[in-house]
Amino acid sequence: MLSSTLFLRHAVSVAVGVLGAAGLAQAQEVQTVKIGHAGPTSGGIAHIGKDTENGVRLAVEEANAQNLVIGGKKIRFELAAEDDAGDPRQATAVAQKMCDAQVAGLVGHLQSGTSIPASGLYAKCELPNITASASNPDLTKPGYKTTFRLIANDNALGAALAYYAADALKVKRVAIIDDRTAYGQGVAAVFKATALQKGLTVVGEEFTNDKATDFTSILTAIKSKKPEAIFYGGLDAQAGPMLRQLEQLGMADVKLFGGDALCTEKLAELSAKAAPLSGVTCATGGASLAKMPGGADWKKKYDARFPGQFQIYSPYAYDAARVLIEAMKSANSVDPKVYLAALAKTNFKGVTGAIAFTPKGELTQPAVTLYGYRDGVRTPLN
(Lines give C-alpha, C1' and ligand atoms only; values in the text may rest on other atoms or scores of the structure.)
Protein backbone atom coordinates (compact mmCIF):
# COMPACT_ATOMS: atom_id res chain seq x y z
CA MET A 1 0.00 0.00 0.00
CA LEU A 2 1.05 3.58 -0.66
CA SER A 3 1.74 5.73 2.33
CA SER A 4 -0.69 8.62 2.79
CA THR A 5 1.98 11.05 1.55
CA LEU A 6 2.78 8.97 -1.51
CA PHE A 7 -0.92 8.47 -2.23
CA LEU A 8 -1.55 12.20 -2.07
CA ARG A 9 1.35 12.88 -4.43
CA HIS A 10 0.06 10.25 -6.83
CA ALA A 11 -3.47 11.71 -6.78
CA VAL A 12 -2.18 15.20 -7.45
CA SER A 13 -0.01 13.91 -10.31
CA VAL A 14 -2.97 12.15 -11.90
CA ALA A 15 -5.19 15.23 -11.50
CA VAL A 16 -2.58 17.49 -13.08
CA GLY A 17 -2.19 15.02 -15.91
CA VAL A 18 -5.93 14.96 -16.53
CA LEU A 19 -6.19 18.73 -16.39
CA GLY A 20 -3.21 19.06 -18.69
CA ALA A 21 -4.78 16.72 -21.22
CA ALA A 22 -8.06 18.64 -21.02
CA GLY A 23 -6.23 21.92 -21.50
CA LEU A 24 -4.34 20.48 -24.46
CA ALA A 25 -7.57 19.19 -26.00
CA GLN A 26 -9.14 22.63 -25.59
CA ALA A 27 -6.14 24.32 -27.18
CA GLN A 28 -6.41 21.96 -30.15
CA GLU A 29 -10.18 22.33 -30.54
CA VAL A 30 -10.98 23.03 -34.18
CA GLN A 31 -13.91 25.20 -35.22
CA THR A 32 -15.21 24.89 -38.77
CA VAL A 33 -16.11 28.26 -40.30
CA LYS A 34 -18.00 28.43 -43.58
CA ILE A 35 -17.10 30.98 -46.25
CA GLY A 36 -19.81 31.09 -48.91
CA HIS A 37 -19.62 31.63 -52.64
CA ALA A 38 -22.71 32.25 -54.76
CA GLY A 39 -22.72 32.58 -58.54
CA PRO A 40 -23.68 30.84 -61.78
CA THR A 41 -21.75 27.59 -62.13
CA SER A 42 -24.23 26.26 -64.67
CA GLY A 43 -25.59 27.84 -67.84
CA GLY A 44 -24.08 30.16 -70.42
CA ILE A 45 -21.71 32.03 -68.11
CA ALA A 46 -20.73 29.12 -65.86
CA HIS A 47 -17.10 29.74 -66.84
CA ILE A 48 -17.22 33.15 -65.16
CA GLY A 49 -18.98 31.86 -62.04
CA LYS A 50 -16.51 29.00 -61.70
CA ASP A 51 -13.65 31.48 -62.00
CA THR A 52 -14.85 33.46 -58.97
CA GLU A 53 -15.49 30.25 -57.03
CA ASN A 54 -11.91 29.22 -57.77
CA GLY A 55 -10.66 32.53 -56.38
CA VAL A 56 -12.50 31.97 -53.09
CA ARG A 57 -11.34 28.36 -52.92
CA LEU A 58 -7.71 29.41 -53.34
CA ALA A 59 -8.02 31.97 -50.52
CA VAL A 60 -9.66 29.39 -48.22
CA GLU A 61 -6.96 26.81 -48.91
CA GLU A 62 -4.20 29.32 -48.19
CA ALA A 63 -5.87 30.47 -44.96
CA ASN A 64 -6.16 26.88 -43.75
CA ALA A 65 -2.45 26.33 -44.42
CA GLN A 66 -1.74 29.12 -41.89
CA ASN A 67 -3.35 27.20 -38.98
CA LEU A 68 -5.09 30.34 -37.76
CA VAL A 69 -6.33 30.69 -34.19
CA ILE A 70 -9.26 33.08 -33.73
CA GLY A 71 -11.09 33.53 -30.46
CA GLY A 72 -8.87 30.92 -28.81
CA LYS A 73 -9.81 28.18 -31.30
CA LYS A 74 -7.97 26.74 -34.24
CA ILE A 75 -10.02 27.64 -37.31
CA ARG A 76 -10.65 25.47 -40.33
CA PHE A 77 -12.38 27.36 -43.13
CA GLU A 78 -14.75 25.46 -45.40
CA LEU A 79 -16.06 26.66 -48.76
CA ALA A 80 -19.85 26.55 -49.05
CA ALA A 81 -20.49 27.01 -52.78
CA GLU A 82 -23.94 27.35 -54.34
CA ASP A 83 -25.09 27.75 -57.95
CA ASP A 84 -27.58 30.58 -58.49
CA ALA A 85 -27.70 29.88 -62.28
CA GLY A 86 -27.74 33.64 -62.89
CA ASP A 87 -31.43 33.67 -61.97
CA PRO A 88 -32.77 36.21 -59.44
CA ARG A 89 -35.31 33.77 -57.96
CA GLN A 90 -32.70 31.05 -57.52
CA ALA A 91 -30.34 33.65 -56.06
CA THR A 92 -32.79 34.48 -53.28
CA ALA A 93 -33.22 30.76 -52.54
CA VAL A 94 -29.44 30.44 -52.35
CA ALA A 95 -29.25 33.49 -50.06
CA GLN A 96 -31.78 31.97 -47.67
CA LYS A 97 -29.86 28.68 -47.72
CA MET A 98 -26.65 30.53 -46.82
CA CYS A 99 -28.42 32.28 -43.94
CA ASP A 100 -29.90 29.02 -42.67
CA ALA A 101 -26.49 27.31 -42.87
CA GLN A 102 -25.03 30.11 -40.70
CA VAL A 103 -22.30 30.90 -43.20
CA ALA A 104 -19.86 33.35 -41.59
CA GLY A 105 -19.27 35.47 -44.71
CA LEU A 106 -20.06 35.32 -48.40
CA VAL A 107 -18.42 36.25 -51.70
CA GLY A 108 -21.07 36.89 -54.35
CA HIS A 109 -23.20 37.13 -56.23
CA LEU A 110 -21.69 37.48 -59.69
CA GLN A 111 -24.36 39.58 -61.41
CA SER A 112 -26.24 42.68 -60.38
CA GLY A 113 -29.58 41.03 -61.11
CA THR A 114 -28.83 38.31 -58.57
CA SER A 115 -26.84 40.39 -56.07
CA ILE A 116 -29.51 43.06 -55.59
CA PRO A 117 -32.39 40.79 -54.46
CA ALA A 118 -30.06 38.57 -52.42
CA SER A 119 -28.53 41.52 -50.54
CA GLY A 120 -31.80 42.24 -48.73
CA LEU A 121 -31.92 38.72 -47.31
CA TYR A 122 -28.30 38.90 -46.22
CA ALA A 123 -29.05 42.16 -44.43
CA LYS A 124 -31.92 40.51 -42.52
CA CYS A 125 -29.79 37.60 -41.33
CA GLU A 126 -26.77 39.87 -40.78
CA LEU A 127 -24.50 37.96 -43.18
CA PRO A 128 -21.60 40.06 -44.55
CA ASN A 129 -21.38 39.74 -48.33
CA ILE A 130 -18.85 41.11 -50.81
CA THR A 131 -19.41 41.04 -54.55
CA ALA A 132 -16.33 40.75 -56.72
CA SER A 133 -18.19 41.64 -59.90
CA ALA A 134 -21.75 43.04 -59.64
CA SER A 135 -21.51 46.65 -60.78
CA ASN A 136 -25.00 48.21 -60.79
CA PRO A 137 -24.96 51.25 -58.45
CA ASP A 138 -28.38 50.23 -57.11
CA LEU A 139 -26.73 47.43 -55.12
CA THR A 140 -25.41 49.79 -52.46
CA LYS A 141 -28.20 52.38 -52.59
CA PRO A 142 -30.27 50.79 -49.78
CA GLY A 143 -27.30 51.28 -47.47
CA TYR A 144 -27.21 47.73 -46.10
CA LYS A 145 -24.35 47.55 -43.61
CA THR A 146 -23.63 43.97 -44.69
CA THR A 147 -23.08 44.64 -48.43
CA PHE A 148 -19.74 45.58 -49.98
CA ARG A 149 -18.37 45.86 -53.53
CA LEU A 150 -14.76 45.18 -54.56
CA ILE A 151 -14.80 46.76 -58.04
CA ALA A 152 -15.84 50.03 -59.66
CA ASN A 153 -19.56 50.39 -60.34
CA ASP A 154 -21.31 51.07 -63.66
CA ASN A 155 -21.13 54.82 -63.19
CA ALA A 156 -17.38 54.52 -63.68
CA LEU A 157 -17.46 51.79 -66.35
CA GLY A 158 -20.13 53.25 -68.63
CA ALA A 159 -18.69 56.74 -68.42
CA ALA A 160 -15.13 55.56 -69.16
CA LEU A 161 -16.29 53.77 -72.30
CA ALA A 162 -18.26 56.77 -73.54
CA TYR A 163 -15.27 59.07 -72.99
CA TYR A 164 -13.00 56.67 -74.87
CA ALA A 165 -15.47 56.38 -77.76
CA ALA A 166 -15.74 60.15 -78.10
CA ASP A 167 -12.22 61.30 -77.30
CA ALA A 168 -9.93 58.49 -78.44
CA LEU A 169 -11.88 56.89 -81.27
CA LYS A 170 -13.82 60.00 -82.41
CA VAL A 171 -17.08 58.06 -82.71
CA LYS A 172 -20.10 60.21 -83.63
CA ARG A 173 -22.97 57.76 -84.17
CA VAL A 174 -23.73 54.91 -81.79
CA ALA A 175 -26.53 52.38 -81.27
CA ILE A 176 -27.32 50.78 -77.92
CA ILE A 177 -28.50 47.26 -77.09
CA ASP A 178 -29.09 45.86 -73.60
CA ASP A 179 -30.14 42.48 -72.25
CA ARG A 180 -32.86 43.82 -69.90
CA THR A 181 -30.98 42.65 -66.79
CA ALA A 182 -30.20 45.02 -63.92
CA TYR A 183 -26.57 44.97 -65.03
CA GLY A 184 -27.15 45.39 -68.75
CA GLN A 185 -29.69 48.18 -68.46
CA GLY A 186 -27.68 49.97 -65.80
CA VAL A 187 -24.38 50.13 -67.66
CA ALA A 188 -26.13 50.98 -70.94
CA ALA A 189 -28.00 53.87 -69.29
CA VAL A 190 -24.76 55.36 -67.95
CA PHE A 191 -23.05 54.97 -71.33
CA LYS A 192 -25.96 56.65 -73.10
CA ALA A 193 -26.11 59.60 -70.69
CA THR A 194 -22.37 60.23 -70.93
CA ALA A 195 -22.32 59.75 -74.71
CA LEU A 196 -25.03 62.37 -75.13
CA GLN A 197 -23.09 64.75 -72.88
CA LYS A 198 -20.06 64.21 -75.13
CA GLY A 199 -22.08 65.10 -78.22
CA LEU A 200 -22.55 61.61 -79.67
CA THR A 201 -25.78 60.80 -81.52
CA VAL A 202 -27.67 57.70 -80.34
CA VAL A 203 -29.16 56.45 -83.62
CA GLY A 204 -31.11 53.53 -82.18
CA GLU A 205 -31.89 51.52 -79.05
CA GLU A 206 -32.79 47.82 -78.98
CA PHE A 207 -33.03 45.12 -76.35
CA THR A 208 -32.67 41.36 -76.09
CA ASN A 209 -32.30 38.93 -73.17
CA ASP A 210 -29.43 37.19 -71.45
CA LYS A 211 -30.29 33.79 -72.97
CA ALA A 212 -30.56 34.86 -76.63
CA THR A 213 -28.16 33.73 -79.35
CA ASP A 214 -29.74 35.15 -82.52
CA PHE A 215 -29.43 38.90 -82.98
CA THR A 216 -29.93 39.06 -86.73
CA SER A 217 -33.15 41.07 -86.68
CA ILE A 218 -31.84 43.55 -84.11
CA LEU A 219 -28.57 44.07 -85.98
CA THR A 220 -30.37 44.38 -89.32
CA ALA A 221 -32.57 47.15 -87.90
CA ILE A 222 -29.51 48.91 -86.54
CA LYS A 223 -27.54 48.52 -89.78
CA SER A 224 -29.94 50.78 -91.68
CA LYS A 225 -29.16 53.60 -89.22
CA LYS A 226 -25.44 53.52 -90.09
CA PRO A 227 -23.85 53.48 -86.62
CA GLU A 228 -20.09 53.61 -86.25
CA ALA A 229 -20.33 51.68 -83.01
CA ILE A 230 -22.71 49.61 -80.89
CA PHE A 231 -22.74 49.58 -77.12
CA TYR A 232 -23.93 46.25 -75.71
CA GLY A 233 -25.01 46.02 -72.08
CA GLY A 234 -24.79 42.30 -71.43
CA LEU A 235 -22.68 39.18 -71.13
CA ASP A 236 -19.93 37.56 -73.18
CA ALA A 237 -22.26 34.61 -73.89
CA GLN A 238 -24.36 36.95 -76.07
CA ALA A 239 -21.57 39.25 -77.26
CA GLY A 240 -19.73 36.31 -78.85
CA PRO A 241 -22.48 35.29 -81.29
CA MET A 242 -23.32 38.98 -81.79
CA LEU A 243 -19.81 39.56 -83.13
CA ARG A 244 -20.14 36.60 -85.51
CA GLN A 245 -23.45 37.94 -86.79
CA LEU A 246 -22.04 41.44 -87.27
CA GLU A 247 -19.53 39.91 -89.66
CA GLN A 248 -22.20 37.88 -91.45
CA LEU A 249 -24.27 41.03 -92.00
CA GLY A 250 -21.36 42.96 -93.49
CA MET A 251 -20.91 45.09 -90.36
CA ALA A 252 -17.35 44.04 -89.53
CA ASP A 253 -16.21 47.64 -89.36
CA VAL A 254 -18.76 48.56 -86.66
CA LYS A 255 -17.06 48.81 -83.28
CA LEU A 256 -18.53 47.07 -80.23
CA PHE A 257 -18.34 48.56 -76.73
CA GLY A 258 -19.28 46.76 -73.54
CA GLY A 259 -18.79 46.50 -69.80
CA ASP A 260 -16.96 43.99 -67.67
CA ALA A 261 -19.40 41.10 -68.17
CA LEU A 262 -18.38 40.69 -71.80
CA CYS A 263 -14.74 41.62 -71.19
CA THR A 264 -13.50 38.06 -70.63
CA GLU A 265 -10.72 35.83 -71.92
CA LYS A 266 -13.42 33.56 -73.39
CA LEU A 267 -14.93 36.22 -75.68
CA ALA A 268 -12.46 35.35 -78.44
CA GLU A 269 -13.58 31.73 -78.34
CA LEU A 270 -17.28 32.61 -78.14
CA SER A 271 -16.95 34.86 -81.18
CA ALA A 272 -14.86 32.29 -83.07
CA LYS A 273 -12.39 35.19 -83.47
CA ALA A 274 -14.71 36.89 -85.95
CA ALA A 275 -13.29 40.03 -87.58
CA PRO A 276 -15.35 42.47 -85.42
CA LEU A 277 -13.53 41.15 -82.33
CA SER A 278 -10.64 43.45 -83.21
CA GLY A 279 -13.03 46.40 -82.86
CA VAL A 280 -14.16 45.56 -79.33
CA THR A 281 -13.45 47.97 -76.48
CA CYS A 282 -14.57 46.88 -73.03
CA ALA A 283 -14.06 48.05 -69.46
CA THR A 284 -13.51 46.27 -66.16
CA GLY A 285 -13.70 47.68 -62.67
CA GLY A 286 -10.15 47.26 -61.48
CA ALA A 287 -6.55 47.17 -62.62
CA SER A 288 -5.23 44.75 -65.24
CA LEU A 289 -3.31 41.77 -63.87
CA ALA A 290 -0.07 43.36 -65.04
CA LYS A 291 -0.78 46.47 -62.94
CA MET A 292 -2.10 44.71 -59.85
CA PRO A 293 0.45 44.85 -57.00
CA GLY A 294 0.57 41.06 -56.76
CA GLY A 295 -1.04 40.16 -60.06
CA ALA A 296 1.73 38.25 -61.82
CA ASP A 297 2.66 36.04 -58.86
CA TRP A 298 -0.98 35.42 -58.01
CA LYS A 299 -1.76 34.37 -61.60
CA LYS A 300 1.00 31.74 -61.44
CA LYS A 301 -0.57 30.29 -58.30
CA TYR A 302 -4.04 30.36 -59.83
CA ASP A 303 -2.93 28.68 -63.06
CA ALA A 304 -1.07 25.97 -61.14
CA ARG A 305 -4.19 25.20 -59.08
CA PHE A 306 -6.84 25.76 -61.81
CA PRO A 307 -5.11 25.45 -65.20
CA GLY A 308 -6.91 27.02 -68.13
CA GLN A 309 -9.82 28.36 -66.06
CA PHE A 310 -8.92 32.03 -65.54
CA GLN A 311 -11.46 34.53 -66.87
CA ILE A 312 -11.67 37.89 -65.14
CA TYR A 313 -13.02 38.18 -61.58
CA SER A 314 -11.09 35.52 -59.65
CA PRO A 315 -8.46 37.95 -58.25
CA TYR A 316 -11.27 40.07 -56.81
CA ALA A 317 -13.07 37.03 -55.38
CA TYR A 318 -9.77 35.89 -53.86
CA ASP A 319 -9.26 39.30 -52.24
CA ALA A 320 -12.89 39.42 -51.10
CA ALA A 321 -12.46 36.14 -49.20
CA ARG A 322 -9.20 37.38 -47.71
CA VAL A 323 -10.85 40.62 -46.58
CA LEU A 324 -13.53 38.63 -44.76
CA ILE A 325 -10.90 36.49 -43.05
CA GLU A 326 -8.74 39.50 -42.15
CA ALA A 327 -11.76 41.16 -40.52
CA MET A 328 -12.34 38.03 -38.43
CA LYS A 329 -8.70 38.07 -37.35
CA SER A 330 -8.86 41.77 -36.50
CA ALA A 331 -12.00 41.32 -34.40
CA ASN A 332 -10.72 38.02 -32.94
CA SER A 333 -14.13 36.55 -33.75
CA VAL A 334 -15.78 34.61 -36.54
CA ASP A 335 -19.21 35.84 -35.47
CA PRO A 336 -20.56 38.11 -38.25
CA LYS A 337 -22.25 40.37 -35.71
CA VAL A 338 -18.87 40.93 -34.05
CA TYR A 339 -16.47 41.18 -36.99
CA LEU A 340 -18.75 43.28 -39.25
CA ALA A 341 -17.47 46.50 -37.65
CA ALA A 342 -13.88 45.49 -38.47
CA LEU A 343 -14.93 44.65 -42.04
CA ALA A 344 -16.36 48.14 -42.55
CA LYS A 345 -13.02 49.60 -41.39
CA THR A 346 -10.96 47.43 -43.77
CA ASN A 347 -7.60 48.83 -44.82
CA PHE A 348 -6.03 45.93 -46.68
CA LYS A 349 -3.31 45.56 -49.28
CA GLY A 350 -4.70 42.95 -51.63
CA VAL A 351 -3.57 41.35 -54.84
CA THR A 352 -5.93 43.71 -56.70
CA GLY A 353 -4.77 46.84 -54.87
CA ALA A 354 -5.54 48.85 -51.75
CA ILE A 355 -8.95 47.95 -50.32
CA ALA A 356 -10.97 50.30 -48.14
CA PHE A 357 -14.71 50.94 -48.15
CA THR A 358 -16.94 53.99 -48.04
CA PRO A 359 -19.84 54.02 -45.54
CA LYS A 360 -22.01 52.71 -48.43
CA GLY A 361 -19.73 49.72 -48.99
CA GLU A 362 -18.11 50.99 -52.20
CA LEU A 363 -14.35 51.06 -52.76
CA THR A 364 -12.82 54.37 -51.78
CA GLN A 365 -10.47 54.31 -54.80
CA PRO A 366 -11.92 52.16 -57.60
CA ALA A 367 -9.87 51.69 -60.77
CA VAL A 368 -11.12 51.16 -64.34
CA THR A 369 -9.20 49.36 -67.08
CA LEU A 370 -10.08 49.46 -70.77
CA TYR A 371 -9.32 46.44 -72.95
CA GLY A 372 -9.21 45.59 -76.63
CA TYR A 373 -8.59 42.27 -78.39
CA ARG A 374 -5.34 42.05 -80.32
CA ASP A 375 -4.92 38.88 -82.40
CA GLY A 376 -7.70 37.35 -80.32
CA VAL A 377 -6.01 38.12 -77.00
CA ARG A 378 -7.55 40.49 -74.46
CA THR A 379 -5.07 43.37 -74.08
CA PRO A 380 -5.20 46.37 -71.70
CA LEU A 381 -5.40 49.77 -73.38
CA ASN A 382 -4.50 51.87 -70.32
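Everything below is about the structure shown above.
Each value, and the rule that gives it
Residues numbered from 1 in each chain as written. Predicted model: local features only at pLDDT ≥ 70, side-chain atom pairs only at ≥ 80, totals over all residues. Heavy atoms only, no water. Disulfide = S-S within 2.5 Å. Helix = DSSP H or I, 4+ residues; strand = E, 2+ residues; numbered from the N terminus. Buried < 20%, exposed > 50% of the residue type's maximum accessible area, 1.4 Å probe, protein only. Axes fitted to C-alpha atoms, helices over the stretch in contact; angles between N-to-C directions. Parallel < 35°, antiparallel > 145°, perpendicular 65-115°, else oblique. Left-handed = near helix turned anticlockwise from the far one by under 90°. Contact = heavy atoms within 4.5 Å. Nonpolar A, V, L, I, M, F, W, Y, C, P; charged D, E, K, R; others polar. Phe/Tyr/Trp six-rings, centres within 6.5 Å; stacked < 30°, edge-to-face > 60°. Lys NZ or Arg CZ within 6 Å of the ring centre and 35° of its normal. Pairing = 2+ DSSP bridges. Polar contact = N/O pair within 3.5 Å; in protein donor to acceptor, adjacent residues only side chain to side chain.

A. Spatial organisation of the state of the cysteines. A full pass over the atoms with the stated rule returns 2 disulfides. Across the disulfide from C99 sits C125; the S-S distance is 2.1 Å. Note on the C99 and C125 pair: the S-S dihedral is about -60°, so by sign convention the disulfide is left-handed. Of the two residues, C99 is situated in helix α3 (residues 88-100) and C125 in the loop between α4 (112-124) and β5 (129-131); the sequence distance between them amounts to 26 residues. Owing to a relative accessible area of 29%, C125 belongs among the partly exposed residues under this scheme. Two residues share a disulfide in this structure: C263 and C282, whose sulfurs sit 2.1 Å from each other. Across the S-S bond linking C263 and C282, the dihedral sits near 55°, which makes this disulfide right-handed. One end of the pair, C263, is in the loop between β10 (255-258) and α9 (267-270); the other, C282, is in strand β11 (residues 280-284), with 19 residues separating them in the sequence.

B. Structural detail: the packing of helix α2 (residues 46-65) against helix α11 (residues 314-331). The geometry of α2 relative to α11 is characterised by a closest axis approach of 7 Å and an angle of 40° between their N-to-C directions. When the axes of α2 and α11 are compared, the pair comes out oblique. Crossing angle aside, the handedness with which α2 passes α11 is right-handed. Only S314, A317, Y318, A321, R322 and I325 of α11 make contact with α2, whose side of the interface consists of D51, T52, G55, V56, L58, A59, E62 and A63. Of the residues belonging to the contact of α2 with α11, the class tally is 8 nonpolar, 3 polar and 3 charged.

C. Broad picture of the packing of aromatic side chains. Per the stated rule, a full pass over the model turns up 8 aromatic pairs. The interplanar angle of 55° and the centroid separation of 4.8 Å between the aromatic rings of F148 and F357 together place this pair among those described as tilted. Here F357 lies in the loop between β13 (354-355) and β14 (369-374) and F148 lies in strand β6 (residues 147-149), a separation of 209 residues in the sequence. Geometrically, the ring pair formed by W298 and Y318 is tilted, given 5.8 Å between the ring centres and 55° between the ring planes. With a gap of 20 residues between them, W298 in helix α10 (residues 295-305) and Y318 in helix α11 connect regions that are remote in the sequence. Both residues of the pair, W298 and Y318, count as buried. Members of the aromatic cluster, each reached through a chain of ring pairs, are W298, Y302, F306, F310 and Y318. The side chain of R180 reaches across the aromatic face of F207, ending 4.5 Å from its centre. Sitting over the ring of Y371, R378 keeps its end group 4.5 Å from the ring centre.

D. Here's a closer look at the sheet that holds strand β2 (residues 69-70). Spatially, β2-β3-β1-β4-β5-β6 is the arrangement adopted by the 6 strands of the open sheet, whose pairing is mixed. Looking at strand neighbours, the two that pair on one side only are β2 and β6, the edges of this open sheet. Direction of pairing for strand β1 (residues 30-39) relative to strand β3 (residues 73-83): parallel, over a ladder of 10 bridges. The residue bridging H37 from the neighbouring strand is A81, located in β3. Along the sheet, α2 contacts β1, β3 and β4 (105-108); its crossing angle with β3, the most-contacted strand, is approximately 170°. Relative to β3, α3 is tilted by about 160°, and along the sheet it contacts β1, β3 and β4.

E. Up close: the side chain of S115. Considering the arrangement of structural elements, one finds S115 in helix α4. Exposure remark for S115: the relative accessible area of 4% places this residue in the buried category. A polar atom in the side chain of S115 sits 3.2 Å from the backbone oxygen of H109. Among residues more than four places away in sequence, those in contact with S115 are G108, H109, L110, T131, A134 and L139.

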